[in-house]
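# Inside the fold
So you can see what is in the structure, the chains are spelled out below.
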Amino acid sequence: MKVLVTGGLGYIGSHTCVQLINAGHQPIALDNLTNSKLEVLNRIEALTGTKPEFYQGDVRDEAFLDQVFSEQANSNQPIDAVIHFAGLKAVGESVAKPLEYYDNNVNGSLVLARSMRTAGVKNIVFSSSATVYGDPAQVPITESSPTGATTNPYGRSKYIIEECFSDLFDAEKDWSITLLRYFNPVGAHPSGTMGEDPQGMPNNLMPFIAQVAVGRRDKLAVFGDDYATPDGTGVRDYIHVMDLADGHLAAINALTNKAGLHIYNLGTGQGSSVLDMVNAFSSACGHQVAYEIKPRRAGDIAECWASTEKAEQDLGWKATRDVAEMSADTWRWQSNNPNGYDS
């Protein structure tokens, strides 16, 4: 199967490309390189023996997308499906830059859907987020939990895209639209050659911990220790990026050409606090990761973790890697690549 992977050189997209190749599929990577590096193509090739075909461009450029679909259709095989990762993803940044988030995430998704329809490609797996649930009334969160009461523009952008895709399916029932609501991706490829390489200041917990551990930053800021959680710090469902990549592979295998609006959580079903993650990483790297407590951050919630039964039942997928493995793989990546892909 030929799969267009938007944001294909990003953190989750690149690991998904590896797993697609390993499963015998042909990913076509598309990326504007805003938050990624061309070096990722070489790392994918080193791991799989195959360098994916690559297009540099933006999903908001409809003429560019039309050209990609047309070129692939005129090759030996047209594109069968799209996995859509491209977009901005930092909660804190979205509060400061809401218009940029709505433009990149919502507008980009609409342009992509139009171009897909023009090309007759009606299979899409969308990279959604647990943030669509907002501040949940109870955990674990199921796919039927209320959505829409999101606490930040990033989450609202994902919710709006979900609503747009839902409306599209209501109007055109021949689409297969899969919304994967995943929780907190962490970890790295076990080889230590691919991982998360944020540009500038990390916006997510694990890469910040890793940069403190490797000496790039002095200490981690822990935003809030007065939540109603066991140690007062925020609790999240952290999922290994390799498990997440396998979840996308399972969705492509099971749902391509299966018309419907398909919604799944991708998580572990377990919650871990910020300090749990600090302690796990300290064990992995062999020394204490320095941190300090800061005031709560705008847009954050106390706790969330997933109910994962639906994905296990329908897709035959279940996360298998624990926090210790997530930390060990992240440390292997960061210590082997102290400056990320520029090392």
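Everything discussed here concerns the structure shown above.
One structure accompanies this document, and this report is about it. Values in this document were obtained by computation on a predicted structure and should not be read as measured data.

## As for the overall build of the protein chain
Helix and strand counts for the protein chain stand at eleven helices and 13 strands. For 343 residues, the compact-globule estimate of 2.2 N^0.38 gives 20 Å, and the protein chain sits close to it at 19 Å. Considered along the principal axes of its C-alpha atoms, the protein chain spans approximately 55 × 45 × 40 Å. Counting all 343 residues of the protein chain, 55% fall into the buried class.

## Quick word on the layout of surface pockets
For the second largest pocket, the calculated volume is near 190 Å³. Residue composition of the lining of the second largest pocket, by class: seven nonpolar, five polar and one charged.

## Let's talk about the pattern of salt bridges
Applying the stated criterion across every chain, the model contains 20 salt bridges. For E45, the salt bridge is made with K51, and the minimal N-O distance between the two is 3.9 Å. By relative accessible area, which is 34% here, E45 ends up partly exposed. Residues joined by salt bridges that share partners form a network here, namely R117, K122, E172 and D174.

## Section: the side chain of D237
Relative to the assigned elements, D237 resides in the loop between strand 9 (235-236) and strand 10 (238-240). Although D237 is buried, it makes no salt bridge; K318 carries the closest opposite charge, 10.0 Å away. Reaching out from D237, the side chain makes a polar contact with the backbone nitrogen of G269 at a distance of 3.0 Å. Excluding residues within four positions of it along the chain, D237 makes contact with F183, N184, G267, T268, G269, Q270, C304, W305 and A306.

## Side note on the side chain of N123
Its place among the elements puts N123 in strand 5 (residues 123-129). A polar contact is formed between the side chain of N123 and the backbone oxygen of D80, at a distance of 3.1 Å. At 2.7 Å, the side chain of N123 and the backbone nitrogen of N257 are in polar contact.

## Some words on the environment of D329
Positionally, D329 belongs in helix 11 (residues 323-336). Non-local contacts of D329, meaning those with residues more than four positions away in its chain, are made with A188, P190 and H240.

## Notes on the pairing of strand 3 (residues 53-56)
As defined by bridge partners, strand 2 (residues 26-31) adjoins strand 3 across four bridges and the pair is classed as parallel. Across the sheet, residue I28 finds its bridge partner in strand 3, namely E53. A crossover links strand 2 with its parallel partner strand 3, the connecting element being helix 2 (residues 39-48), and its sense is right-handed.

## Looking at the packing of helix 7 (residues 205-213) against helix 9 (residues 274-285)
Taken N-terminus to C-terminus, the directions of helix 7 and helix 9 make an angle of 40°; their axes are 11 Å apart at the nearest point. The angle between helix 7 and helix 9 places the two elements in the oblique class. As for how helix 7 packs across helix 9, the hand of that crossing is right-handed. Of the residues in helix 9, those touching helix 7 at L205, M206, I209, A210 and A213 are V274, M277, V278, F281 and C285. Among the residues forming the contact of helix 7 with helix 9, the class breakdown is ten nonpolar, no polar and no charged.

## Structural notes on helix 2
Taken together, the buried positions of helix 2 are occupied by V40, L41, R43, I44 and T48. Seen from one end, helix 2 has its buried residues packed into an arc of 160°, which puts them on one side. Where helix 2 is buried, its residues contact helix 1 (11-22), strand 3 and helix 11. Note on helix 2: the residue one or two positions beyond its end, G49, has a positive phi of about 80°.

## Thoughts on the pairing of strand 11 (residues 260-266)
Most of strand 11 is tucked away, with six of its seven residues classed as buried. Here seven bridges tie strand 6 (residues 176-182) to strand 11, and the two strands are oriented parallel to one another. Considered in strand 11, the bridge of L180 is made with Y264.

## Brief notes about the sheet that holds strand 11
Overall, parallel pairing links the seven strands, which are arranged 3-2-1-4-5-6-11 in an open sheet. Since the sheet does not close on itself, it has two edges, and those belong to strand 3 and strand 11, each with one partner. Taken pair by pair, the neighbouring strands of this sheet meet at an average axis angle of 20°, ignoring direction. This element, helix 1, spans strand 1 (2-6), strand 2, strand 4 (81-84) and strand 6 of the sheet and lies at about 170° to strand 1. Across the sheet, helix 8 (residues 241-255) is in contact with strand 1, strand 4, strand 5, strand 6 and strand 11; its angle to strand 6 comes to roughly 160°.

## Comments concerning helix 6 (residues 153-171)
Spanning 19 residues, helix 6 covers 27 Å between terminal C-alpha atoms, matching the ideal 27 Å at 1.5 Å per step. The elements touched by buried residues of helix 6 are helix 4 (91-96), helix 5 (98-119), strand 5, strand 6 and strand 11. Backbone nitrogen of Y154 and a side-chain oxygen of the N-cap are separated by 3.3 Å at the start of helix 6; the cap is N152.

## Concerning the packing of aromatic side chains
Across all of its chains, the model carries four aromatic pairs by this definition. Plain terms: the ring middles of F126 and F165 are 5.6 Å apart, the flat faces sit at 70° to each other, and that makes the pair edge-to-face. Residue F126 is found in strand 5, and its partner F165 is found in helix 6; the two are separated by 39 residues along the sequence. Given a relative accessible area of 3%, F165 falls into the buried group. We note R217 situated over the ring of F208; from NZ or CZ to the ring centre the distance is 5.7 Å. Between the NZ or CZ atom of R296 and the centre of the ring of Y227, over which it lies, the distance is 4.1 Å.

Cut-offs and rules
Along each chain, residue indices are assigned from 1 in the same order as the chain's sequence is written. Only residues with pLDDT of 70 or above have their local features reported here, since the model is predicted, and side-chain atom pairs are shown and tallied only from 80 upward, although totals for entire chains, interfaces and linings are computed over all residues. Hydrogens and waters are ignored; side-chain quantities use all the structure's heavy atoms. The secondary structure listing takes helices from DSSP runs of H or I that are at least 4 residues long and strands from runs of E that are at least 2 residues long, numbered from the N terminus. Atoms counted for the radius of gyration: C-alpha only. Globule rule: 2.2 Å times the number of residues to the power 0.38. Note on exposure labels: buried denotes an accessible area under 20% of the residue type's maximum, exposed denotes more than 50%, and partly exposed covers the range between, all computed with a 1.4 Å probe on protein chains only. A cavity here means a set of points on a 1 Å grid, drawn over the protein atoms and nothing else, where a 1.4 Å probe fits but cannot get out; a pocket is an open set with protein on both sides within 12 Å along at least five of seven lines, and a residue lines either one if it has an atom within 4 Å of a point. Grid points are joined across faces, edges and corners, and a volume is the space filled by probe spheres set on the points. All amino acids are sorted into three groups, where Ala, Val, Leu, Ile, Met, Phe, Trp, Tyr, Cys and Pro are nonpolar, Asp, Glu, Lys and Arg are charged, and the leftover types, Gly among them, are polar. Counted as salt bridges are all cases of a side-chain nitrogen of Lys or Arg within 4 Å of a carboxyl oxygen of Asp or Glu. Asp and Glu are treated as the negative residues and Lys and Arg as the positive ones, with His and the ends of the chain left uncounted. Each polar contact in these results corresponds to two N or O atoms within 3.5 Å; when the atoms are within protein, one needs to be able to donate a hydrogen and the other to accept it, and residues that are neighboring in sequence are counted only if both atoms are side-chain atoms. Any pair of residues with heavy atoms lying within 4.5 Å of one another is described as a contacting pair. Being paired, for any two strands, means DSSP has found at least two bridges between them. With the strands pointing away from the viewer, any crossover whose connection runs clockwise from the first strand over the helix to the second is right-handed. The axes are straight lines fitted to the C-alpha atoms, using for helices just the contacting stretch, and the angles between their N-to-C directions are given from 0 to 180°. Our angle categories are set so that under 35 degrees counts as roughly parallel, over 145 as roughly antiparallel, 65 to 115 as roughly perpendicular, and the remainder as oblique. Here a crossing is taken to be left-handed if its near helix is turned anticlockwise relative to the far helix by less than a right angle, and right-handed if that turn runs clockwise. In this context, the arc is that of the directions from the helix axis out to the C-beta atoms. Given a helix with a known number of residues, its expected span is that number minus one, times 1.5 Å. Centres within 6.5 Å are what make two rings of Phe, Tyr or Trp a pair, Trp counting through its six-membered ring; a difference in plane orientation under 30 degrees is then read as stacked, over 60 as edge-to-face, and the rest as tilted. We call a charge positioned over a ring when the NZ of a Lys or the CZ of an Arg lies within 6 Å of the ring centre and within 35 degrees of the ring normal.

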